[in-house]
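Listed below, chain by chain, are the residues.
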Amino acid sequence: GTSTVLKADATAIAKQAVGYVLTAVANAANATVFFDETNSALSGLTPGAHYFLSTTAGQITLTPTTTAGQICQKIGTAINATSLHVMIEEPTIRA
């Protein structure tokens, strides 16, 4: 079968992250999806900091959402300014 890739965001449990891609993917194009390991296709990270799913689709943030009904989902920890050790955790719904 064929699966569909969508940008995750923290606005709803149905939009939780399950993996990531290293480059932009055009609509209806094939994509390679990664589930853990190290994503070294980033920039501007704070080494040692934990990153969470952002409310902006396809983005990560240092500050998880605190809005009721949205999700808090840790994505990984920065190894250095360009690499994130990805360990996507189960999301929790904010009360």
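These numbers were taken from a predicted model, which means no experiment stands behind them.

Asker: Looking at this structure, I do not really get the overall build of the protein chain. What am I missing?
Answerer: Each helix and strand counted, the protein chain has 0 helices and 7 strands in total. Its C-alpha atoms give the protein chain principal-axis dimensions of roughly 35 × 30 × 20 Å. Counting every position in the protein chain, which comprises 95 residues, the buried fraction comes to 27%. Contacts in the protein chain between residues far apart in sequence, at least 24 positions, make up 52% of those at least 6 positions apart. Counting every atom, the protein chain has about 6,100 Å² of accessible surface; 54% of that belongs to carbon and sulfur.

Asker: What exactly am I supposed to notice about the pattern of salt bridges here?
Answerer: Charged atoms that come close allow side chains of opposite charge to pair. Under the definition given, this model contains 1 salt bridge. With a shortest N-O distance of 3.8 Å, K15 and D9 are connected by a salt bridge.

Criteria and cut-off values
Residues numbered from 1 in each chain as written. Predicted model: local features only at pLDDT ≥ 70, side-chain atom pairs only at ≥ 80, totals over all residues. Heavy atoms only, no water. Helix = DSSP H or I, 4+ residues; strand = E, 2+ residues; numbered from the N terminus. Buried < 20%, exposed > 50% of the residue type's maximum accessible area, 1.4 Å probe, protein only. Contact = heavy atoms within 4.5 Å. Areas by Shrake-Rupley, 256 points an atom, 1.4 Å probe, with all protein chains shown as cover. Salt bridge = Lys/Arg side-chain N within 4 Å of Asp/Glu carboxyl O.

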